[in-house]
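Single-letter residue listing:
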Amino acid sequence: MTTQIGIKQQNINEIIKPLCQLLADEFLLYVKTLNAHWNVEGKDFYNKHLFFEIQYKELAEIVDAVAERIRSLGHYAPATVASFLELTHLTEQSRERNDSDGFMTMLLEAHDAIIMFIRGYINDIGTKLKDAGTSDFITGLAEKHETMAWKLRAHLA
């Protein structure tokens with residue numbers, strides 16, 4: 001059934017591509033954060049283990065929200081690891097050392113990349129494609145990532 005929400009289908013089709021890429025980026029960042037949570041080592045293990053847990057739980061909510069936004073626009077969300085790896089802008093990185101600073105630097109770079117990706121679409125989605133709802137939604141996501149990135153930067157200072 002076609003979604004009739006006051007946005008041209010052609011515009012919705014253009015909005016879906018960056019949303020699917022964003023979903024893939026969010027999922028990969030979620031996995032990277034789980035990796036940090038599970039594998040961090042060092043004198044600060046306990047505090048960083050808990051810190052990464054807070055972040056991965058917040059990212060799980062973001063992943064779900066992006067997938068549901070895609071569904072609300074009448075499309076199916078990509079939902080396989082293969083599709084996420086094909087769509088993501090992020091890279092998987094293996095670590096020689098599992099220290100908290102290394103994980104935090106890696107995660108900060110991913111958050112910053114997602115923020116920049118989102119900023120590249122906010123205005124076009126809202127004005128050119130006439131979808132203020134999705135523009136507002138991704139603006140909120142950028143703000144969440146900015147907060148998470150700030151917390152990572154504060155640990156690295």
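The rules we used
- Each chain has its residues counted from 1, following the order in which its sequence is written.
- Where local features are concerned, this predicted model is filtered to residues with pLDDT of at least 70; where side-chain atom pairs are given and counted, the filter is 80 or more; whole-chain, interface and lining totals use all residues.
- Excluded from the side-chain calculation are hydrogens and water; included are all heavy atoms of the structure.
- What counts as a helix is a DSSP run of H or I of at least four residues, what counts as a strand is a run of E of at least two, and both are numbered from the N terminus.
- This radius of gyration counts C-alpha atoms alone. The globule rule is 2.2 Å times how many residues there are, raised to the power 0.38.
- Using a 1.4 Å probe on the protein chains alone, a residue whose accessible area is under 20% of its type maximum counts as buried, one over 50% counts as exposed, and one in between counts as partly exposed.
- Between two residues, a contact is recorded if the distance between any of their heavy atoms is within 4.5 Å.
- Pairing of N or O atoms within 3.5 Å defines a polar contact, subject to two protein rules: one partner must be a possible hydrogen donor and the other a possible acceptor, and residues neighboring in sequence count only if both atoms are side-chain atoms.
- Both cavities and pockets are sets of points on a 1 Å grid over the protein atoms alone; in a cavity a 1.4 Å probe fits but cannot get out, in a pocket the set is open with protein on both sides within 12 Å along at least five of seven lines, and lining residues sit with an atom within 4 Å of a point.
- Grid points are joined across faces, edges and corners, and a volume is the space filled by probe spheres set on the points.
- Polarity classes work like this: nonpolar for Ala, Val, Leu, Ile, Met, Phe, Trp, Tyr, Cys and Pro, charged for Asp, Glu, Lys and Arg, and polar for all others, with Gly in that last group.
- Definition used in this section: a nonpolar core is a set of buried Ala, Val, Leu, Ile, Met, Phe, Trp, Tyr and Cys residues joined via side-chain atoms within 4.5 Å.
- Salt bridge criterion: a side-chain nitrogen from Lys or Arg within 4 Å of a carboxyl oxygen from Asp or Glu.

J.: Can you explain the overall build of the protein? Please cite residues and give values.
T.: The number of helices and strands found in the protein is five helices and zero strands. Listing the helices and strands of the protein from first to last along the sequence gives α-α-α-α-α. Compactness check: the protein gives a C-alpha radius of gyration of 17 Å against a globular reference of 15 Å for 157 residues, within 12% of the reference. The C-alpha extent of the protein, read off along each of the three principal axes, is 55 × 30 × 20 Å. Residues classed as buried in the protein amount to 44% of the 157 residues present. If you take every contact in the protein between residues at least 6 apart in sequence, the share linking residues at least 24 apart comes to 80%.

J.: Break down the side chain of threonine 134 for me, citing the residues and quoting the values.
T.: Tracing the chain through its elements places threonine 134 in helix α5 (residues 132-156). A polar side-chain atom of threonine 134 sits 2.8 Å from a polar atom in the side chain of arginine 69. Setting aside anything within four residues of it in sequence, one finds threonine 134 in contact with Ile15, Leu19, Arg69, Leu73 and Ile125.

J.: Now, about empty space enclosed by the protein: what can you tell me, with residues and values included?
T.: A full pass over the atoms with the stated rule returns one cavity of 30 Å³ or more. If you add up the space inside the largest cavity, you get close to 50 Å³. Lining the largest cavity are Pro18, Leu19, Leu22, Phe117, Ile118, Tyr121, Ile125 and Ile138. Those elements that place two or more of their residues in the lining of the largest cavity are α1 (9-39) and α4 (100-128). Per element, the largest residue contribution to the lining of the largest cavity is four residues, and it comes from α4. In the lining of the largest cavity, the residues fall into eight nonpolar, no polar and no charged.

J.: Now, about the nonpolar core: what can you tell me, with residues and values included?
T.: Ranked by internal contacts, the top residues of the largest apolar core, which has 44 residues, are Leu22, Phe52, Val66, Ile118, Ile138 and Leu141. Listing elements by their share of this core, those giving two or more residues are α1, α2 (45-72), α4 and α5. With residues up to four places along the chain from it excluded, the contact list for leucine 141 reads Leu22, Glu26, Ile62, Val66 and Ile118.

J.: Can you tell me about the pattern of salt bridges, naming the residues and giving the values?
T.: Close approach of charged atoms allows side chains with opposite charge to pair. Scanning the entire structure with this criterion turns up five salt bridges. Residue glutamate 53 is joined to lysine 57 by a salt bridge in which the shortest nitrogen-to-oxygen separation is 3.0 Å. Linking glutamate 53 with lysine 57, this pair stays in helix α2, spanning four residues, or about one helical turn. Its relative accessible area of 21% is what places glutamate 53 among the partly exposed residues.

J.: Summarise unusual backbone geometry; cite the residues concerned and give the values.
T.: Of note, lysine 130 is a non-glycine position whose phi angle comes to about 60°, a positive value. Structurally, lysine 130 is set in the loop between α4 and α5. Classification of lysine 130 by relative accessible area gives exposed; the value is 58%.

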